[in-house]
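The chain contents come next:
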Amino acid sequence: MSQAKLGLDGSLEAFFFTQVGEAQTRTGASLPQQVEAYVVHLLAAFIGKSAVAGRRTGPLALQYLAARQQEGSARAQALRQVGDRALFIAGVVPHSLDRTPVDLRYVRSLGSDAYRQVSPGHGALAVFHDLADHFERAAEVISEATDARGEGDRDLLGLYERWRRYGEGRDARRLIAAGVVLGRDGSDTLQ
């Protein structure tokens, strides 16, 4: 990442604010302001802690179960970490799930549920309820923001297989741009 791309003030937050804004424009997905701000800060924070979302941290489902066994603020913090990790995986490295027994829908479900348990939907923690409600859209925006040049499109077969498996709108748009006509009935034709 070049210094010029970091933004006017040189901060990661400024860079990701621009990327997330542009990603929303490209995808047509609009995030609530507080969710957008959370996503920007999440991306900036995870840049230096990629191991937090990696496979060395253990299965997400076990982290989720352990978080649910906590009490009070420790529980809320642990559930937030599960939600954050799931959102990062779903948005930045969804392909890392391709050869595992866990699919993207499951990761999204865990993340959304974890966020929902942090907040009842009002008050200072309401952003987590909003994150639960907009989890899929936030993951799509993150994916677009972190792969704006379409690096994931180089493997057209992999992109196609991911679309067939998950039916992602982003993947469908990229396939169409590559010349694949996707039928409403799930059929497809290469043009």
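Here the structure is a predicted model, which is why all the values come from computation and not from measurement.

(A) Up close: the packing of helix α2 (residues 33-47) against helix α4 (residues 72-92). For the pair α2 and α4, the least separation of the axes is 11 Å and the interaxial angle reads 85°. When the axis of α2 is compared with that of α4, the two are roughly perpendicular. The segment α2 lies against α4, with Tyr38, Val39, Leu42, Leu43 and Phe46 engaging Arg80, Asp84, Arg85, Leu87, Phe88 and Val92. Residue composition of the contact of α2 with α4, grouped by class: eight nonpolar, no polar and three charged.

(B) Up close: the nonpolar core. Counting 43 residues, the largest nonpolar core has Val20, Tyr38, Val39, Leu87, Tyr115, Phe128 and Leu131 as the members making the most contacts within it. Sequence-distant contacts of leucine 131, that is, excluding residues within four places in its chain, are made with Val35, Tyr38, Leu87 and Tyr115. The next biggest cluster of nonpolar side chains, apart from the first, holds six residues, and it includes Leu159, Ala172, Leu175 and Leu182.

(C) Summary view of helix α3 (residues 60-69). Every buried residue of α3 is listed here: Leu60, Tyr64 and Ala67. Along α3, the residues classed as buried sweep out an arc of 65° about the axis, all on the same side. α3 presents Leu62 and Gln69 as exposed residues on the side facing more than 90 degrees away from its buried surface. Tucked inside the fold, the buried residues of α3 contact α4 and α5 (104-118).

(D) Region of interest: the side chain of glutamate 140. Along the chain, glutamate 140 turns up in helix α7 (residues 135-146). Relative accessible area serves as the criterion here: at 16%, glutamate 140 is assigned to the buried category. Ignoring anything within four residues of it in the chain, the contact list for glutamate 140 reads Thr27, Arg170 and Arg173.

(E) Broad picture of the confidence of the model for the protein chain. Within the protein chain, residue pLDDT values average 81, and 81% of them lie at 70 or more. The element-level mean pLDDT for the protein chain is lowest in strand β2 (residues 188-190), coming to 53, with α3 highest at 95. Taken together, the stretch residues 1-8 has pLDDT below 50 and engages in nine contacts with residues farther than four places along the chain or on a different chain.

(F) Region of interest: the pattern of salt bridges. Counted under the stated rule, the structure contains four salt bridges. Where arginine 108 meets glutamate 136, a salt bridge forms, and the shortest distance between an N and an O atom there is 3.6 Å. Separated by 28 residues along the polypeptide, arginine 108 in helix α5 and glutamate 136 in helix α7 bring together distant segments of the chain. One salt bridge connects aspartate 133 with arginine 116, and the closest N-O pair in it is separated by 2.9 Å. Placement of aspartate 133 in helix α6 (residues 126-133) and of arginine 116 in helix α5 is noted, with a sequence separation of 17 residues between them.

(G) Representation of the packing of aromatic side chains in the model. Here the structure, examined in full by the defined rule, presents six aromatic pairs. With 5.0 Å between their ring centres and 65° between their planes, phenylalanine 15 and phenylalanine 16 make a pair best called edge-to-face. Across the pair, phenylalanine 16 and phenylalanine 15 agree in class, each one buried. Seen from their ring centres, tyrosine 38 and tyrosine 115 are 6.2 Å apart, and the 85° between their planes marks the pair as edge-to-face. Separated by 77 residues along the polypeptide, tyrosine 38 in helix α2 and tyrosine 115 in helix α5 bring together distant segments of the chain.

Rules used throughout
- Residues numbered from 1 in each chain as written.
- Predicted model: local features only at pLDDT ≥ 70, side-chain atom pairs only at ≥ 80, totals over all residues.
- Heavy atoms only, no water.
- Axes fitted to C-alpha atoms, helices over the stretch in contact; angles between N-to-C directions.
- Helix = DSSP H or I, 4+ residues; strand = E, 2+ residues; numbered from the N terminus.
- Parallel < 35°, antiparallel > 145°, perpendicular 65-115°, else oblique.
- Contact = heavy atoms within 4.5 Å.
- Nonpolar A, V, L, I, M, F, W, Y, C, P; charged D, E, K, R; others polar.
- Core = buried A, V, L, I, M, F, W, Y, C linked by side-chain atoms within 4.5 Å.
- Buried < 20%, exposed > 50% of the residue type's maximum accessible area, 1.4 Å probe, protein only.
- Arc of directions from axis to C-beta.
- pLDDT = per-residue confidence, 0-100.
- Salt bridge = Lys/Arg side-chain N within 4 Å of Asp/Glu carboxyl O.
- Phe/Tyr/Trp six-rings, centres within 6.5 Å; stacked < 30°, edge-to-face > 60°.

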